[in-house]
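# Inside the fold
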2 protein chains.
Amino acid sequence: METAITATVINPQELLVHWQGHRSLTRRVIEAFPEKELFEFSIGGMRPFAKMILELLAIGGPGITEIATGISKPFNEGGEAFSSKTELLKKWDKETEVINEHFSSLTLDKFHEMNNLFGEYNFPAINNILYFIDNEIHHRGQGYVYLRALGIEPPAFWER
Amino acid sequence: METAITATVINPQELLVHWQGHRSLTRRVIEAFPEKELFEFSIGGMRPFAKMILELLAIGGPGITEIATGISKPFNEGGEAFSSKTELLKKWDKETEVINEHFSSLTLDKFHEMNNLFGEYNFPAINNILYFIDNEIHHRGQGYVYLRALGIEPPAFWER
């Protein structure tokens, strides 16, 4: 039985490290933007990168808090306003701690429990968690194009 | 002991479905590009989307084949040339089958075995597999910006 218990695709701690590795890279992408362009630059009518970051902030920490506590709150993207890169990074770091705390409290059986995220998205918790990570990679990839269009070299994708 | 065996973060079949869901979305993003722009349009000196797809094709199928068979081959991005969207999609579909076949053959203990991918990237297989998926999401996110810059509405990110 030992093998069946220790052999897993990925364990919770590894998934947390994986996610925080991505969040660390996203933080460096935020830092790479000049102050003004972070809040104003866009391509093809898309949102500036700071607005995409507001979406990520409204999903990651609140989402994992809901999965851990079972207390569902409506999605709230515009809850806080940030007018500088420093403020945005401070909030990012605060959410890093929120995610660490609540993710670490998840027992293994939680991952396949249904989770009606924000009262709207009813999926097994693991699917919602993978969505948090994938959505961050998706928007960060868009941030890379913004940086390249601004003539700025983004951080290497594989460095976490 | 039953609980310890059935409660997992994610099982191999679920991870395969997750990846193929992403690959299905990427396929629709390829389809959304006009023929010429797929091979030529770029922003900020980046590669056209077709070139990014060549990278994904050189990683996903060959990577999972290597993990399943243990036979390492050097990374080979330029192995095949594609001059039309139809050819590229045909190759994409062929790799879908390769991935299904080899991924399905992976036993649970394989995921944490070290895998010196392409003779270069020595990580546990699960880290390499997550890299395949993340890298696809990253470049597809860039393809979304290209489409928006071309005035084309991309497929919804959450539809797989």
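Because the structure is a prediction, the values reported are computed rather than measured.

### Some points on the pairing of strand 1 (residues 114-117) of chain B
All names here are of chain B. Side chains of strand 1 alternate between two faces, with N115 and L117 buried and M114 and N116 left unburied. Sheet analysis places strand 1 next to strand 2 (residues 121-124), joined by four bridges and oriented antiparallel. Bridged to M114 within strand 2 is P124. As consecutive antiparallel partners, strand 1 and strand 2 are separated by three residues, and within that stretch F118 has a phi angle of approximately 55°, a positive value.

### Details of the relation of the copies chain B and chain A
The two copies are related by a screw operation: chain B maps onto chain A through 180° of rotation and 0.0 Å of translation along the axis, at an RMSD of 0.0 Å. Seen this way, the second copy is the image of the first under a two-fold rotation axis. Looking at chain B, 100% of its interface residues are interface residues in chain A too, so the copies touch through the same face.

### Comments concerning the interface of chain B and chain A
Counting from both sides, the interface comprises 37 residues of chain B and, opposite them, 37 residues of chain A. When chain B packs against chain A, the two sides together hide about 3,300 Å² of surface, and 75% of this comes from carbon and sulfur. Across the chain B-chain A interface, the total number found is zero salt bridges. Along the contact surface separating chain B from chain A lie eight residue pairs in polar contact (both at pLDDT 80 or more). Contributing elements (two or more residues each) for the side of chain B that touches chain A: helix 1 (2-6), helix 2 (12-32) and helix 6 (125-149) of chain B. In terms of residues, the side of chain B that touches chain A owes the most to one element, helix 6 of chain B, which gives 14 residues. For the side of chain B that touches chain A, the per-class residue count stands at 22 nonpolar, 10 polar and five charged.

### Remarks on the environment of F49 of chain B
Residues and elements named next belong to chain B. Within the fold, F49 resides in helix 4 (residues 49-69). Overall, F49 belongs to the buried group, its relative accessible area being 1%. Residues contacting F49, with those up to four places away along its chain left out, are V29, I30, F33, L38, F41, H139, R140, G143 and Y146.

### Considerations on the nonpolar core
Counting residues in hydrophobic clusters, the biggest one holds 90 residues, and the most contacted among them are I129 of chain A together with I129 of chain B. When contributions to this core are tallied by element, the ones reaching two or more residues are helix 2 (12-32), helix 4 (49-69), helix 5 (85-104) and helix 6 (125-149) of chain A together with helix 2, helix 4, helix 5 (85-104) and helix 6 of chain B. Every residue in contact with I129 of chain B, bar those within four places of it in the chain, is listed here: L15, I64, I67, F103, L106 and F111 of chain B.

### Brief notes about the packing of helix 2 of chain A against helix 4 of chain A
Residues and elements named next belong to chain A. Two numbers describe how helix 2 lies on helix 4: the axes approach to 12 Å, and their chain directions differ by 155°. Relative to helix 4, helix 2 is oriented roughly antiparallel. Relative to helix 4, helix 2 is oriented so that their crossing is left-handed. The segment helix 2 lies against helix 4, with W19, T26, V29 and I30 engaging F49, I53, L56, G60 and I64. The residue makeup of the contact of helix 2 with helix 4, split by class, is seven nonpolar, two polar and no charged.

### Looking at the UniProt feature "binding site: a divalent metal cation" (unreviewed entry) in chain A
Residue and element names in this part refer to chain A. Per the UniProt record, "binding site: a divalent metal cation" (unreviewed entry) is found at H139. Summarising the element assignment, H139 is placed in helix 6. Of the residues examined, H139 reaches a relative accessible area of 7% and is grouped as buried. Not counting chain neighbours up to four residues away, the residues in contact with H139 comprise R47, F49, M52, E55 and L56. Polar contacts involving the side chain of H139 include one to the side chain of E55, which spans 3.3 Å.

Scoring rules and cut-offs
- Residues numbered from 1 in each chain as written.
- Chains lettered and ligands numbered in written order.
- Predicted model: local features only at pLDDT ≥ 70, side-chain atom pairs only at ≥ 80, totals over all residues.
- Heavy atoms only, no water.
- Buried < 20%, exposed > 50% of the residue type's maximum accessible area, 1.4 Å probe, protein only.
- Helix = DSSP H or I, 4+ residues; strand = E, 2+ residues; numbered from the N terminus.
- Pairing = 2+ DSSP bridges.
- Least-squares fit on C-alpha atoms with pLDDT ≥ 70 in both.
- Contact = heavy atoms within 4.5 Å.
- Buried area = accessible area lost by both parts, 1.4 Å probe.
- Salt bridge = Lys/Arg side-chain N within 4 Å of Asp/Glu carboxyl O.
- Polar contact = N/O pair within 3.5 Å; in protein donor to acceptor, adjacent residues only side chain to side chain.
- Nonpolar A, V, L, I, M, F, W, Y, C, P; charged D, E, K, R; others polar.
- Core = buried A, V, L, I, M, F, W, Y, C linked by side-chain atoms within 4.5 Å.
- Axes fitted to C-alpha atoms, helices over the stretch in contact; angles between N-to-C directions.
- Parallel < 35°, antiparallel > 145°, perpendicular 65-115°, else oblique.
- Left-handed = near helix turned anticlockwise from the far one by under 90°.
- UniProt positions renumbered as here; feature names shortened; annotations may be inferred.

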